[in-house]
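Analysis of the macromolecular model
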Amino acid sequence: MISKFKKFILLILLIAITLPVLAQQKDIEITLDNTEISLGASIRMDMVFDDAEDMPEPTMPEIKGLKISYLRSTDMISRLDGKIRRGRRHTYLIMPETTGVFTIGPFDFVYNGTEYVSKKIGIRITSGLSRPTELKPETASEEEFRAKENAFFIMVSDKDRVYVNEPFQIAAALYYKDIQVTDIEYPALDHEGLSIDEFKSPQASRKQIKGYDYRIITFKNTAFAIRPGDLKLGPAKISCSMYAADASRSTGLAAGSSQKKASLRLESTPRNITVLPLPQGGKPESFKGAVGNFQLSLDVKPEGYIKTGEAITLIMGVSGNGNFNMVSAPVIKENQAFIFYNPSIESETDSYKSFKQIIMPKENFIKEIPEIEFSFFDPIKEKYIILKKGPIAIQVFETEARQASTIIEARDKTIPEKIEQEPIGEGIIYIKETAGKLKGKGLRLYKDKTYLLLHLMPVFLYISIALLYKRHKRFKEDIRYARAKKAQRQARIGLKHAYSILSSGGVEKFYSYIFECIQEYFGNKFNLPHAGITSDVTERVLKSRNADPSVILQVKKFFDNCYLVRFTPYGYEKKDMLDTLEMAKMIIEYCRKI
Amino acid sequence: MLVIIMVSISIFSVHYALSEDIGYDPYLKFNEASLLYSESRFEEALKLYEDISGRGYESAALYYNLGNTYLKLGVLGKAILYYERALRLAPYDSDLKSNIRYANSLKQQPAAMENASLWINRRIDAVFAIFTVDGLTKLLSVVCGLVFLFLVIAVFKEGFAHFTRRAVITLAVVFMVAVTTLSFKIYQIEYMRSAIVLDNIVDARYEPLAEAPVHFKLYEGARIIVLKTRGEWSQIKRADNKIGWIQSSSYGIIDIN
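Residues numbered from 1 in each chain as written. Chains lettered and ligands numbered in written order. Predicted model: local features only at pLDDT ≥ 70, side-chain atom pairs only at ≥ 80, totals over all residues.

A closer look at the overall build of chain B
Rules: Starting at the N terminus, helices and strands are each numbered in turn, a helix being any DSSP run of H or I of at least four residues and a strand any DSSP run of E of at least two. Here a residue counts as buried when 20 or more other C-beta atoms fall within 10 Å of its C-beta, as exposed when 12 or fewer do, and as partly exposed in between; the C-beta atoms come from the backbone. Our contact criterion uses C-beta atoms placed from the backbone: two residues qualify when those atoms are within 7 Å.
In terms of helices and strands, chain B carries ten helices and eight strands. Residue burial in chain B is summarised as follows: out of 257 residues, 32% are buried. Contacts spanning at least 24 positions in sequence make up 59% of the contacts within chain B whose residues lie at least 6 apart.

Thoughts on the packing of helix α5 (residues 76-89) of chain B against helix α6 (residues 94-105) of chain B
Packed helix pairs are characterised by how far apart their axes lie and by the angle those axes make with each other. Residue and element names in this part refer to chain B. Just so we agree on the cut-off: The axes are straight lines fitted to the C-alpha atoms, using for helices just the contacting stretch, and the angles between their N-to-C directions are given from 0 to 180°. Angular relationships are summarised with four words: roughly parallel below 35 degrees, roughly antiparallel beyond 145, roughly perpendicular across 65 to 115, and oblique for the angles in between. Crossing chirality is assigned from the near helix's rotation relative to the far helix, an anticlockwise turn below a right angle marking it left-handed and a clockwise turn marking it right-handed.
Put simply, α5 and α6 touch, their axes get as near as 10 Å, and they point 150° apart. In terms of their interaxial angle, α5 and α6 are classed as roughly antiparallel. Between α5 and α6 lies a crossing whose hand is left-handed. Contacts between α5 and α6 involve L76, A79, I80, Y83, A86 and L87 from the former and L96, N99, I100 and A103 from the latter.

A few points about the interface of chain A and chain B
Stated formally: For this classification, the nonpolar set comprises Ala, Val, Leu, Ile, Met, Phe, Trp, Tyr, Cys and Pro, the charged set comprises Asp, Glu, Lys and Arg, and every other residue, Gly included, is treated as polar. A pair of strands is considered paired only if DSSP assigns at least 2 bridges between the two.
The interface of chain A with chain B comprises 38 residues on the first partner and 50 residues on the second. Of all the secondary structure elements, the ones that give two or more residues to the side of chain A that touches chain B are β28 (344-348), β35 (439-440), α3 (449-454) and α4 (457-477) of chain A. By residue number, the principal contributor to the side of chain A that touches chain B is α4(A), which donates seven residues. Of the residues in the side of chain A that touches chain B, the class split is 21 nonpolar, nine polar and eight charged. Strand direction decides the pairing type here: β35(A) and strand β1 (residues 57-58) of chain B, joined by two bridges, are antiparallel. If you follow K439(A) over to β1(B), its bridge partner there is E58(B).

A look at the sheet that holds strand β7 (residues 100-104) of chain A
Residue and element names in this part refer to chain A. Spatial strand order, β3-β10-β7: three strands in an open sheet with mixed pairing. Looking at which strands have only one partner, the edges of the open sheet turn out to be β3 (36-38) and β7. Across this sheet, the average inter-strand angle for adjacent strands is 25°, counted without regard to direction. Summarising the sheet, β7 and strand β10 (residues 121-126) pair through five bridges and their orientation is antiparallel. In the sheet register, T103 faces β10, and the bridge partner there is G122.

Some thoughts on the environment of T99(A)
All names here are of chain A. In this structure, T99 sits in the loop between β6 (83-96) and β7. Note on T99: 14 C-beta atoms within 10 Å, which makes it partly exposed. Separated by 34 residues in the primary sequence, T99 and G65 place their C-alpha atoms 7.9 Å from one another.

Structural notes on the sheet that holds strand β1 (residues 25-27) of chain A
Strand pairing in a sheet is mediated by backbone hydrogen bonds. Such pairs are either parallel or antiparallel. Residues and elements named next belong to chain A. Read from one edge to the other, the open sheet built from three strands follows the order β1-β9-β8, with strand pairing classed as mixed. Of all the strands in the sheet, the pair left with one neighbour each is β1 and β8 (108-111). Averaged over all adjacent pairs, the angle separating strand axes in this sheet is 30°, with direction ignored. The pairing of β1 with strand β9 (residues 114-117) spans three bridges and is parallel.

Regarding the nonpolar core
What counts is decided by this rule: Core membership is restricted to buried Ala, Val, Leu, Ile, Met, Phe, Trp, Tyr and Cys residues, and these are joined into a nonpolar core through C-beta atoms within 7 Å.
With 64 residues, the main nonpolar core has L62(B), Y83(B) and A86(B) as its most contacted residues. Once you skip the residues sitting within four places of it in the chain, L62(B) turns out to touch A435(A), L438(A), F30(B), Y49(B), I52(B), S53(B) and Y57(B). Ranked by size, the runner-up nonpolar core spans 42 residues in total, among them V164(A), F168(A), A236(A) and F294(A).

What follows is the structure, encoded as structure tokens:
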């Protein structure tokens, strides 16, 4: 229990001692305008100390490889979240003396009992060119000549005497001080007789010129001349927006923040470039305009069996320094035993370009892949250089099925080494041995009207089947409908039969049959029992259907005649029977309509 | 209904057969050409294959063999043209796809230029490329036949009405997809006029004039779309949508109407 109490007291004491120390520690706000620069450029470092308005210049520790110079100190007042923040800004200039990665900080300063601590920041110093002064010594004099100007633009090249197609560097740099510059556009450049790439992304740096602190924005590019003569490069022009302090609106504390925007257009002085023609003497046949210093490499695929008619891929690489725009595929010596396809560019960088060339052996007796040759003009040695690779030896040997060849690495042609590997290669699959269905060109089913019309058939068929099925179903389910339909058909048959009886001369038989026929017709037509059809029944039915009274009389007369003949079948001639038959026809025809 | 369709197709086959040359057996000539090819007599084989094609016959195998023969003779543009024509008739042929891939690898045109169209367009093209125009037309006929069949079943067997409705809706969806695909393919054939560059290097110019400035270059085997023709000049579009004018003789149309 006592032990726990002691621990608690110790903890309280520790917190009590630590709290005041923590309370007096503040962060230094440290900013760099660049973290990666080239040797020769500089970095501006700002350190802001809060609540230390009168703080003198802090002494910076030495960092090996970097020279840190004190520039100035300024009061700092700002408003953050409604609170006024006051402090002191100390500005330094960091100039690298060697390349490498350096760590700035952490720094620890004590002022008025307050400990100021900063974080550490890493910077990288590279050896690349970043300023035009490094391209041309006279740039320094131009810089110094224009040193008082708030902004100026200069352009330099690393050579002023070049051969046609020889590449050279161009740098265009915007210098400015005491102003802010934004919306910087890429420079435009007059370059008649010269081919120029697009400008690369700009680099920012700082430099002290005659005591002035200039910011520099440098654009770099590569160019080459396409014709000989004295050519003019430039002037280069650049457009941007600038912010300068507006004296008319400056008041009190806001003096630094009142700025006026204006567009700025600057122009450099042009440069003269003397372009020499390439010498004609000693120009090789394979020369296609490449200027520089190059190396040639050759890679052959596949490295296994090759059959006649299969492809061999040559990857021809050109590396080095020079104008790669003018580097064309190396030349292969003509050989009738091969089919040569046009070479294509396989890959391309600033220092390497490779070409893919497909060749196809036509014959089995081939012993080697022809030599390849690449030539260029070296502007330093001022002479043409020819590079060669190959020929690549091929050993041909018989296999069970056909002759095949194996590619042998040609670096040492004295003892060809046979490479025993699985057959790997590119080629085409053999032809089709059957013609398939040969038909007329361009004949397509969608163009055939008959074929398209055939598609209407299912529609008609479906409609017909549906209607027939519906009718069939009604016949089965609707007796009234079925009898009505049946009445017409049976009456037609009955009348035909009655006529045949009439022709044979049987009076009684005729009247008996036609009576039954009409009786059955009325029964079916009006869905009544046959036997109950009499003159009175028909009269009642027809009246209910609003039939013509004359027809009703005719029906009555027909029934009366038939009854009469049953009892007195004498004195009736064929004409009377025909009249009765016609009357029956008329009755059926009339009833069909109602 | 299926029987009717099959009979109709047979009738058309007979109709086509009747229009063929009397006394000329293209199948025999095809075999002769293939024999010459197998003896590496490519020029003679080519003559026979071209003769068959020149008489108005076509088949995937004929175009495939023409492509192979041209490739053997080092004529890349024609080889790719005939392979593409074969692909229209047999898009599922793996040998053909392999040979096209190989022939394309021989092109001077940077591969990136060929694939300059949008990814979605290439995907749509790939899906539509599975079907042939005739194949789609026959598929539509079969779908129509099946719809008819299900409707007739629905008339006689009322108990199947629910099943029939589902089947007809499914078939209607298939029908719509097939009609859309077919319409796209017909549009490609009739209006888009895809072509292959036959000359080694072709200068595409800003105007249909020999002295007009060169806009861009086209290489043998490159695929283009012919927009319009004016005299000996054609306005074409490259895969990256660059438009220029080239001589009409320097390309071959893939789809023969």
